[in-house]
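Examining the three-dimensional arrangement
So you can see what is in the structure, the chains are spelled out below.
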Amino acid sequence: MSADAVDTALTWTAAVLMVLGSAMSLAAAIGVLRFPDLITRMHSATKPQVFGSLLLLTAAGLQWRTWSLVPLLVVAWIFQLLTVPVSAHMVGRAGYRTKHYDRSRLSVDELEEVVARVEQEHGSDNDAP
C-alpha cells in the first residue's frame, strides 16, 4: 500500500468515527431532553456520551497522526470513564432520595426495603430523649 492510500484510509476512518461519535453525543443530548424521568435521562446522559467521546477522541488521534497526542487522548477518555459513572450515581441517588422518579416505571426496586429500614432506625433515634 502506498503512503497516499494509507493517508486516505486514515482520513476516511477518522471521518466515519467523527460522524458516529457526534451521532452518539447527539443521541445522548436528545435523550436527556426527551426521556420522561430522572432514571432514563441519567442512562441517556452516560452510556452514549462515553462511547461517543471514545469515538471522537479516536478520530482526533487518527486525524492528527501524532504519537505525542495519544497519552493526552487516553487520559481524557479515562477521565470520562471515571467521572461519568460517579456523577450518574450521585444524581441517581439524590433523585431516589428526593423521590424524583416515576415509581411505575421501575420493574424492581431493590432499595425500597433498605431505605425503609434506615428511615425507621433513624426515626427511632430521633424519638429518644
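Everything quoted here is computed from the prediction, not taken from an experiment. (Residues numbered from 1 in each chain as written. Predicted model: local features only at pLDDT ≥ 70, side-chain atom pairs only at ≥ 80, totals over all residues. Heavy atoms only, no water.)

1. Quick look at helix α1 (residues 3-34)
Side chains that are three or four residues apart share a direction in an α-helix, a result of its 3.6 residues per turn. Over its 32 residues, α1 runs 46 Å from end to end, which matches the ideal 46 Å to within 8%, given 1.5 Å per residue. Tucked into the core, α1 has its buried residues touching α2 (38-64). (Helix = DSSP H or I, 4+ residues; strand = E, 2+ residues; numbered from the N terminus. Expected span 1.5 Å × (residues − 1). Contact = heavy atoms within 4.5 Å.)

2. Description of α2
Between its first and last C-alpha atoms α2 spans 38 Å; for 27 residues at 1.5 Å apiece the expected length is 39 Å, and the two agree. Remark: the principal bend of α2, roughly 25°, maps to Q49. Along α2, the residues classified as buried are S44, T46, P48, V50, G52, S53, L55, A59 and A60. Buried residues belonging to α2 abut α1 and α3 (70-97). (Bend = angle between axes of the 7 residues up to and from the residue. Buried < 20%, exposed > 50% of the residue type's maximum accessible area, 1.4 Å probe, protein only.)

3. Some words on the packing of α1 against α2
The relative placement of two packed helices comes down to the angle between their axes together with the axis-to-axis distance. Their axes nearest at 7 Å, the elements α1 and α2 cross at an angle of 165°. Relative to α2, the element α1 lies roughly antiparallel. α2 is crossed by α1, and the crossing has left-handed handedness. In the contact of α1 with α2, the residues fall into 17 nonpolar, 11 polar and 1 charged. (Axes fitted to C-alpha atoms, helices over the stretch in contact; angles between N-to-C directions. Parallel < 35°, antiparallel > 145°, perpendicular 65-115°, else oblique. Left-handed = near helix turned anticlockwise from the far one by under 90°. Nonpolar A, V, L, I, M, F, W, Y, C, P; charged D, E, K, R; others polar.)

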